[in-house]
Amino acid sequence: SNYLTSGPVCEKVEALLKKRFKKKFAILTNSWTNGLISILLSLKLKPKDEVIIPACTFVACANVVEMVGAKVVFADIDPNTKLMDIKDCLKKITKNTKIIMPVHLYGNLFNTHTLRKKISKKIFIIEDSAHAFCGKYQNSLIGKFSDFTVFSFYATKSITCGEGGAIITNHKLYSEKIRSISNNGMTKPAFKRFVNNKYIPWNVYSFGFKANLSDINASILKDQINGYSKIAKIKSKIFYKYKEELGKISQISFPKANPNKNRDYYLFPIGVEKKLRNKLIEYLLKKKIFVTVNFKSITKLSFYKKKYKKTQCPISEKWGSEQLSLPFHAKLTDREIKKVCNEIKSFFTKY
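**Examining the environment of Tyr 154**
1) Next: Relative to the elements of secondary structure, Tyr 154 occurs in the loop between strand E8 (148-152) and strand E9 (165-169).
2) Next: In this structure the C-alpha to C-alpha distance between Tyr 154 and Thr 97, which are 57 residues apart in sequence, comes to 30 Å.

**Observations concerning the pattern of salt bridges**
Two side chains carrying opposite charge are able to pair once their charged atoms lie near each other.
1) Next: Counted according to the given criterion, the structure contains 11 salt bridges.
2) Next: The salt bridge involving Lys 71 is made with Glu 50; its shortest N-O contact spans 4.0 Å. With a gap of 21 residues between them, Lys 71 in strand E3 (residues 71-75) and Glu 50 in strand E2 (residues 50-54) connect regions that are remote in the sequence.
3) Next: The class for Lys 71 is partly exposed, based on a relative accessible area of 35%.
4) Next: Salt-bridge contacts for Lys 338 lead to Glu 245; the nearest nitrogen and oxygen are separated by 3.2 Å. Of the two residues, Lys 338 is situated in helix H12 (residues 334-350) and Glu 245 in helix H8 (residues 228-246); the sequence distance between them amounts to 93 residues.
5) Next: Members of the salt-bridge network, linked through shared partners, are Glu 245, Lys 338 and Lys 345.

**Description of the packing of aromatic side chains**
1) Next: Applying the stated rule across the entire model yields 26 aromatic pairs.
2) Next: Where Phe 239 meets Tyr 240, the ring centres are 5.2 Å apart and the plane angle is 75 degrees; that geometry is what we call edge-to-face.
3) Next: Ring pairs connect the aromatic residues Phe 239, Tyr 240, Tyr 242, Phe 254, Tyr 265, Phe 268 and Phe 328, which therefore count as one cluster.

**A few points about helix H2 (residues 32-42)**
1) Next: In terms of residue burial, H2 counts as a mostly covered element, since nine of its 11 residues are buried.
2) Next: Among the residues of H2, Trp 32, Asn 34, Gly 35, Leu 36, Ile 37, Ser 38, Ile 39, Leu 40 and Ser 42 are the ones counted as buried.
3) Next: With its phi angle positive at about 55 degrees, Lys 44 sits one or two positions after the end of H2.

**Section: the side chain of Ser 140**
1) Next: With respect to the helices, strands and loops of the structure, Ser 140 is situated in strand E7 (residues 140-141).
2) Next: Under the relative-accessibility criterion, Ser 140 is labelled buried at 14%.
3) Next: Look past the residues within four positions of Ser 140 in its chain and what remains in contact with it is Gly 135 and Phe 145.

**Describing the nonpolar core**
1) Next: Ranked by size, the top nonpolar core spans 58 residues in total, and within it Ile 53, Phe 74, Leu 115 and Ile 126 carry the most contacts.
2) Next: In contact with Ile 126, not counting residues within four places along its chain, are Leu 36, Ile 39, Leu 40, Ile 99, Ile 100, Met 101, Pro 102, Phe 148 and Val 150.
3) Next: Core analysis: the second largest hydrophobic core is formed by 27 residues, Leu 276, Tyr 283, Ile 337 and Val 340 among them.

**Description of the sheet that holds strand E5 (residues 124-128)**
1) Next: Spatially, seven strands are ordered E1-E9-E8-E5-E4-E2-E3 in an open sheet, and the strand pairing comes out mixed. Where the open sheet ends on each side, the last strands, each with one partner, are strand E1 (25-29) and E3. When the angles between neighbouring strand axes are averaged without regard to direction, this sheet yields 25 degrees.
2) Next: The sheet contact formed by E2 and E3 spans five bridges and is parallel. Looking across to E3, one finds that Val 51 is bridged to Val 72.
3) Next: Strands in contact with helix H1 (residues 8-21) are E1, E8 and E9; relative to E1, the strand with the most contacts, it is inclined by about 130 degrees.

The rules behind the values
Residues numbered from 1 in each chain as written. Predicted model: local features only at pLDDT ≥ 70, side-chain atom pairs only at ≥ 80, totals over all residues. Heavy atoms only, no water. Helix = DSSP H or I, 4+ residues; strand = E, 2+ residues; numbered from the N terminus. Salt bridge = Lys/Arg side-chain N within 4 Å of Asp/Glu carboxyl O. Buried < 20%, exposed > 50% of the residue type's maximum accessible area, 1.4 Å probe, protein only. Phe/Tyr/Trp six-rings, centres within 6.5 Å; stacked < 30°, edge-to-face > 60°. Contact = heavy atoms within 4.5 Å. Core = buried A, V, L, I, M, F, W, Y, C linked by side-chain atoms within 4.5 Å. Pairing = 2+ DSSP bridges. Axes fitted to C-alpha atoms, helices over the stretch in contact; angles between N-to-C directions.

Printed below as a string of structure tokens:
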């Protein structure tokens, strides 16, 4: 390609995404975060407009709402699946609710179909699919029952281009607005301004910012998208090896998987009693096993705790204080899995 920035390679990858998810429009962005901001700006949210998100997820879900000047509303999570509790979400809906943003956390698919049936058609659903690139609920692909679905191609994801994201939707008007917003509000990207030796003038009808993906990044995605089923199978096997080994330890809990077909596997989280969680982390780190705490309840983070003082999401807060994520990637060997599991068993024998 003659282009380093958004160009024909991006178009080819967007075509792959449209075909894979049976959607009319796909837009590549330079991050999940900027993709979400572009969507929210296209919807022209006002300060009173509310966006419901699960309390226990990555803080970016709340940050994007704050950045466009709307109001975050936190729904608690289901104690079993650790996904957004639909009943609590429904309780939080008001006349100002504009958007609900469920998260396919850890690759476990939230049942968007059920939510869609229970809410007004005027409320937009944005699926946060940063953790899931495959799977079906109600025998339908991810994105079937939402207005927008947003993917992440960040460095740690199963599909990655270092930094990147994508939006899929069937909304023609909003897709055009999002594409313009993500390119500084311009009506034409650089490679669309010259056709058959003719100059096509561009304009700006509304402000935007820099959120488009480059062809360099997009070129890394094509083969990964086409070969993703192979990655997914490998990670599924690793997931169930862990589950088999650690399922024998009574002190450990796992999020319950929703009964969905071919769910994705992004992280392997476990729950450990709060008073032992940090001790287990330190023990494993000393053994050169690098674990982490991916998510705590956003309601416990200082900024949000101060701003939304009356918010209570006890199940999210409990899970956030108990969970840790084990090493989990496609090149993990059986020997490494065995080592992780044996050290966890040794820890609980000690304590």
